[in-house]
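Here's the letter readout for the chains.
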Amino acid sequence: METKKQDNVCEESVFGTIFNTHSRTVFNYIYYKFGNEEKAHDAVQEAFVKLWENCGKVSPSKAKSFVYTVANNLYLNVIKAEKVRLKYADKTLKSTNESPEYIMEEKQFKEKLDHALNSLPDNQRTVFLLNRIDGKKYAEIAEMEGVTVKAIEKRMHLALKTLRGKIDGI
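Reading the values: the criteria
- Residues numbered from 1 in each chain as written.
- Predicted model: local features only at pLDDT ≥ 70, side-chain atom pairs only at ≥ 80, totals over all residues.
- Heavy atoms only, no water.
- Helix = DSSP H or I, 4+ residues; strand = E, 2+ residues; numbered from the N terminus.
- Buried < 20%, exposed > 50% of the residue type's maximum accessible area, 1.4 Å probe, protein only.
- Contact = heavy atoms within 4.5 Å.
- Areas by Shrake-Rupley, 256 points an atom, 1.4 Å probe, with all protein chains shown as cover.

Enquirer: Describe the overall build of the protein chain, and please don't skip the residues or the numbers.
Expert: Looking only at helices and strands, the protein chain has eight helices and zero strands in total. Along the protein chain, helices (α) and strands (β) appear in the sequence α-α-α-α-α-α-α-α when read from the amino end. Counting every position in the protein chain, which comprises 170 residues, the buried fraction comes to 36%. Long-range pairs, those at least 24 residues apart, make up 68% of the contacts in the protein chain with a sequence separation of at least 6. For the protein chain, the exposed surface amounts to about 11000 Å²; the carbon and sulfur share of it is 52%.

Enquirer: Talk me through the side chain of glutamate 145; I want residue IDs and the actual numbers.
Expert: Mapped onto the secondary structure, glutamate 145 falls in helix α7 (residues 138–145). With relative accessibility at 16%, the residue glutamate 145 sits in the buried group. Each residue touching glutamate 145, except ones within four places of it in the same chain, is listed here: Tyr29, Lys33, Thr126, Ile152 and Arg155.

Following this line, the structure appears as structure tokens:
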């Protein structure tokens, strides 16, 4: 009976562990997919609320998949009527040693990159950012997206091909 209690998502310690382990990656997944930080926070919160409401029906081994699926479905419902562009925080570190030409070139390159990334289809942009920014492996991304690893490889190939075509020097 105790082993059943440990395997119960309704147990606060189990739920807390699931939340602490997966909330940030679920947030990043939704944020990269749809580009809105506030809505991503809302989706993550709502997904974990739904997990808590359904804690008796979801085993801890399925909780991660459940949360990703719920968060993704929430956002698909939210953005049916609107097209959301990915926004990037400007995290450029500028030192006093950089020349004005370098700063201008860097800004132009960043604008080209942002434009190229924003022009990618959502599925390719999501795969690219999850792999290159979050360091996720193709198998992890495939699990999140609910597709095969081959599909992720194809999306990444198409994303890189498009980016190379749109940005000179890559």
